[in-house]
Amino acid sequence: MIERQIELRVNGQSFTILVKPQDLLVDVLRDQLGFTGTKKGCGTGECGACTILLDGKPVNSCLMPALRARNKDIITIEGLGTPEHLHPLQQAFIENAAVQCGFCAPGMLLSAKALLDANSHPTETEIRQAISGNLCRCTGYAKIVQAVKAAAQAMTQGDGNP
Amino acid sequence: MPSFEYSTPTTVDQAIALLNQSGASALAGGTDLLIHLRAGIVAPKQLVDLSALDLNYVRKDDGIIRIGAMTTFAEILDSDVVRRDLPCLAESAAEIGAVQTRNMATLGGNLCSAVPSADSAPPLLVYDARVKIAGSDGERLVPLEQFFVGPKKNALKPGELLIEIQASVPLPRTGARFLKLGRRKAMSLAVVNVAARLTLGQDHRRVENVRIALGAVAPTPRRAKRAESVLQGSDVSESLIDRAARAAADEIAPISDLRATATFRRESSRVLVKRALTHAWQMATGETKPND
Amino acid sequence: MTHVIGQRIPRHDAILQVTGKAEYGIDLARRGMLHAKVLRSALPHAKLLKLDTTRARNLPGVAAVITAADVPNNRFGFTHLDQPLLAEDKVRYRGDAIAAIAADSLKTAEEALRLIDVEYEPLPGIFDPVQAMEPDAPKIHGESNIASHIKIRYGDIELGWSRSDEIVEDTLTTQMIEHASIEPHAALAEVDGRGMVTVHSSVQRPFLIATDLSKILKIPLNRIRVVVTAVGGGFGGKNEITMEPYICLLALKTGKPVKLVYTREEEFQATTVRHPYIVKYKSGVKKDGTLVARQARIVSDAGAYVSWGESTLSKACIHGAGPYRIPNVKIDGYLVYTNNSIGGAMRGFGVPQLGFAHEVHTDHIAEKLGIDPLEFRLKNALVDGSSLPTGQVLESVPLKETMRQAVQLIGWKKEVAWDEKAR
């Protein structure tokens, strides 16, 4: 199979790489580019651990040929924040104990980011719907919902809204 | 993952030419196809990626709503036209997979999968939707009802492509509702899904037109025509809705599988048809608005 | 003095988890590492007539293929040494490992799997543990399918029956459950110039795994190191040895680091599950609601090998009478081989199955006597100084207080709205 040279834009940085048609975005991100924060839990779009943002929208990178991500902006967990400069969501997940084994956290955080980008004051139902494609086997979700609420509050403090 | 060639045509003609080659398979949202590829259920030589075709739109002209086959369920949910004129379709879009799935999966893909549980099928059946199919011999318009020919079998001939879904803007005094029963609230295939549409006469009582459609209870998504005939032309009432719901439960042919038994599906169908018709009635009389 | 109770103390590793920097088993990588795959039985019960790995070995990119003959000590298990690392003369469940491959890419390893020639002679399978206990049932190991029989006798059960006003019997069954941690099992093995074996693995019990590895590989324990990665969920499913011996053997054979990640399908098929139980209860009770006798017969579906089956069943038997004061108890636990997936450790270790069973049974008794189920429980609940059927005397039992608080919190007996019309 012929490899093709493509450009992927990940977390604001451009990478020129060779991919085969059957290479999945999740594998290219993890194995070729080293963004191992993107997890792989099922390979069938069920668990959401591989969630990334594609032009701002959450998608399952395990169901996407890498070729499809050409000319799109990809955000992985590494692009959300760093240990030195945490995103308010990351801060809230830590403070609210929304993380146990942590394996679902990268995907969960990116789904939550997409929600807050579109809706700065989500209700509990909206939060639960937004993360319904991300399975967590440890927490029971209560702390995750609480953390997303806390982050929404922290992010909108001072914008005049309650 | 097996190897395959990959092409990204930019026109429908190019796509059809590619799909006419042996072993070619169309790639829409990929949420089914990629799983089947990985599991070895299908092994195409070539994937024809439809994402660069101009098939991503919701338009309304001359009372016809046209939805491009590559429109994602997230886009359908966001569409003012769909939410206002085809609320039942928006309700089904909200029930498909989860956010990630809806950002990838397309309306055309869901219909072409032709699975008995396809959530977008019952709403489009109750809106009397047509599908526009393009092939090397030109285009044809097929009523959606004739598009589903068996479990996972659609009416596309080799090399044909579904390009557009059409539905007429419903008449005034129309109410419609989609209801889905799954094993959980997200990421689940329907145990039963139901759509119902009622259009009332000027007296707000007489049923001018009614459609009831169900999924996951027969080899294909299907209408419940005997149930429809219970209501058609009569004055709508609670007891008549009850009778229609029983008729629907009688005329379907559910199976027992991993998700539910046939008995449970039949009884759930009755309850869901009753609820959907009741909602549709309230909406048609102006008691409730779409998406209430 | 630092006070921690009542404080919010963040997990020390949470900062790595939320930034994607925690290194899980699946994230392990070494320059030049090989990728492993395991060939698993396509049949639940069969004789292995032929196993030929020649074509797989000859595939370019394949570094090594191992079969039973390559394993220094091909038997492991906790209480029963009944499990071969790689199948010898027969396979006992659909998922039994037959061979393992290391190749330069995952794709090559997958391709090589398909080039291993296996010929089976199908044997009748047995999937119901009750049927498996019949004398004429097909045998999975040796002479009997009953791998273990655990007995607890307390008081005099016959006396108990004779003093009972009512006898209530129930049979309760629980299903097989997969742990389904979001991270699949994943590990990487490497061997250094001194022959020191290091395994990085997403596991819950590294020392047990090191001990097992030492026995299987016949390498002294001090030459084996097991390093635990960040673990993406375990729930008991990463409590035992799984893939580590394969990758150690392949690493020893090739001198290269070898990584293996199970697919989600393998997780369901070839790692352990929670044992399905069939529990038969018979209880004798006085009209006033005093429990006087209880008999329990627990049948645990071990699957093809014992693994943690006897240990979990022992715990289930200890808890078999439920949290009640009953003077006459007879408990029999049977661990039975079938051709199903192997049962192992999972949260609660055999007890949740029993908890479900004895509480449904308890409700049933209360209903038969016409006594409020809460009152019935409070009347018979264990208290400080109560003795379990094992003879263990309990020192502090806040069971009654817990029940009283729980019923308040859940709004016990409050009316629940029910829309009859919507049906």
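Reading guide: rules and limits
- Residues numbered from 1 in each chain as written.
- Chains lettered and ligands numbered in written order.
- Predicted model: local features only at pLDDT ≥ 70, side-chain atom pairs only at ≥ 80, totals over all residues.
- Heavy atoms only, no water.
- Contact = heavy atoms within 4.5 Å.
- Salt bridge = Lys/Arg side-chain N within 4 Å of Asp/Glu carboxyl O.
- Polar contact = N/O pair within 3.5 Å; in protein donor to acceptor, adjacent residues only side chain to side chain.
- Nonpolar A, V, L, I, M, F, W, Y, C, P; charged D, E, K, R; others polar.
- Phe/Tyr/Trp six-rings, centres within 6.5 Å; stacked < 30°, edge-to-face > 60°.
- Lys NZ or Arg CZ within 6 Å of the ring centre and 35° of its normal.
- Pairing = 2+ DSSP bridges.
- Helix = DSSP H or I, 4+ residues; strand = E, 2+ residues; numbered from the N terminus.
- Axes fitted to C-alpha atoms, helices over the stretch in contact; angles between N-to-C directions.
- Domains from an automatic or database assignment.
- Buried area = accessible area lost by both parts, 1.4 Å probe.
- Buried < 20%, exposed > 50% of the residue type's maximum accessible area, 1.4 Å probe, protein only.
- Parallel < 35°, antiparallel > 145°, perpendicular 65-115°, else oblique.
- Left-handed = near helix turned anticlockwise from the far one by under 90°.

### Quick word on the interface of chain C and chain B
Next, step 1: Opposite the seven residues of chain C that make contact, chain B presents nine residues.
Next, step 2: Where chain C packs against chain B, one counts one salt bridge.
Next, step 3: Between B:Arg38 and C:Glu265 there is a salt bridge, and its shortest N-O distance comes to 2.9 Å.
Next, step 4: Viewed at the interface, chain B and chain C are joined by two residue pairs in polar contact (both at pLDDT 80 or more).
Next, step 5: For the side of chain C that touches chain B, a count of residues per class yields one nonpolar, one polar and five charged.

### Observations concerning the packing of aromatic side chains
Next, step 1: Inspection of the entire model under this criterion finds six aromatic pairs over all chains.
Next, step 2: The ring of B:Tyr57 carries B:Arg59 above its face, with NZ or CZ at 3.8 Å from the centroid.
Next, step 3: Here the basic side chain of C:Lys282 rests over the ring of C:Trp161, its NZ or CZ set 4.5 Å away from the ring centre.

### Some words on the sheet that holds strand E4 (residues 57–60) of chain A
All names here are of chain A.
Next, step 1: As summarised here, the arrangement of the five strands in space is E2-E1-E5-E3-E4, forming an open sheet in which the pairing is mixed. The open sheet has two free edges, formed respectively by strand E2 (13–19) and E4, since each of these has just one partner strand. Taken pair by pair, the neighbouring strands of this sheet meet at an average axis angle of 40°, ignoring direction.
Next, step 2: Sheet topology note: the strand E1 (residues 4–10)/E2 ladder contains seven bridges and is antiparallel. Looking at the pairing, arginine 9 lines up with serine 14 of E2.
Next, step 3: In this fold helix H1 (residues 25–32) packs onto E1, E2, strand E3 (51–54) and strand E5 (73–75), with an angle of close to 105° to the strand it touches most, E2.
Next, step 4: Relative to the sheet, helix H3 (residues 105–118) contacts E3, E4 and E5, its axis offset from that of E3 by approximately 35°.

### A short note on the domain arrangement of chain B
Residue and element names in this part refer to chain B.
Next, step 1: According to the domain assignment, chain B consists of domain 1 (5–52), domain 2 (58–168) and domain 3 (174–284).
Next, step 2: Just the C-alpha atoms count here: the centres of domain 1 and domain 2 sit 18 Å apart.
Next, step 3: Each side of the interface is counted separately: domain 1 has 13 residues, and domain 2 has 15 residues.
Next, step 4: Of the roughly 980 Å² buried between domain 1 and domain 2, counting both surfaces, carbon and sulfur atoms make up 74%.
Next, step 5: Our count for the domain 1 to domain 2 interface comes out at zero salt bridges.
Next, step 6: Where domain 1 packs against domain 2, one counts zero residue pairs in polar contact (both at pLDDT 80 or more).
Next, step 7: Elements that contribute at least two residues to the side of domain 1 that touches domain 2 include exactly helix H1 (12–19) and strand E2 (24–27).
Next, step 8: Classifying every residue of the side of domain 1 that touches domain 2 gives eight nonpolar, four polar and one charged.

### Describing the interface of chain A and chain C
Next, step 1: Every contact between the two is made by 33 residues of chain A and, on the other side, 27 residues of chain C.
Next, step 2: Interface area, chain A with chain C, both sides summed: about 2,300 Å², of which 60% is carbon and sulfur.
Next, step 3: Among the residues chain A hides against chain C, the three largest losses belong to A:Ile94, A:Phe103 and A:Arg137. Together they make up 27% of the total.
Next, step 4: Counting across the chain A and chain C interface gives two salt bridges.
Next, step 5: Among the ionic pairs, A:Lys39 bridges to C:Asp27, the shortest N-O distance being 2.5 Å.
Next, step 6: Where chain A meets chain C, there are 15 residue pairs in polar contact (both at pLDDT 80 or more).
Next, step 7: Looking at the side of chain A that touches chain C, the elements with two or more residues in it are helix H2 (88–95) and H3 of chain A.
Next, step 8: With four residues, the single largest contributor to the side of chain A that touches chain C is H2(A).
Next, step 9: Residues belonging to the side of chain A that touches chain C are distributed by class as follows: 16 nonpolar, eleven polar and six charged.

### Details of unusual backbone geometry
All names here are of chain B.
Next, step 1: Notably, aspartate 62 is not glycine yet its phi reads approximately 50°, a positive angle.
Next, step 2: Within the secondary structure layout, aspartate 62 lies in the loop between strand E4 (58–61) and strand E5 (64–68).
Next, step 3: Given the relative accessible area of 80%, aspartate 62 is considered exposed.
Next, step 4: A positive phi is found at alanine 114, a non-glycine position, where the angle reads about 55°.
Next, step 5: Its place among the elements puts alanine 114 in the loop between helix H7 (107–113) and helix H8 (121–126).

### Quick word on the pairing of strand E15 (residues 277–285) of chain C
Residues and elements named next belong to chain C.
Next, step 1: With eight bridges joining them, strand E8 (residues 166–173) and E15 adopt antiparallel strand pairing. Bridge pairing in E15 places valine 168 opposite serine 283.
Next, step 2: As defined by bridge partners, E15 adjoins strand E16 (residues 291–303) across nine bridges and the pair is classed as antiparallel. Across the sheet, the residue bridging to glycine 284 is alanine 293, located in E16.

### So, the packing of H2(A) against helix H5 (residues 142–156) of chain A
All names here are of chain A.
Next, step 1: Across the interface, H2 lies against H5 with an axial gap of 8 Å and an inter-helix angle of 135°. With respect to H5, the axis of H2 lies oblique. Helix-helix and strand crossings are classified by hand; for H2 and H5 the assignment is right-handed. Residue-level contacts link Pro88, Leu89, Ala92 and Phe93 of H2 to Ile144, Ala147, Val148, Ala150, Ala151 and Met155 of H5.
Next, step 2: Counted by class, the contact of H2 with H5 contains ten nonpolar, no polar and no charged residues.

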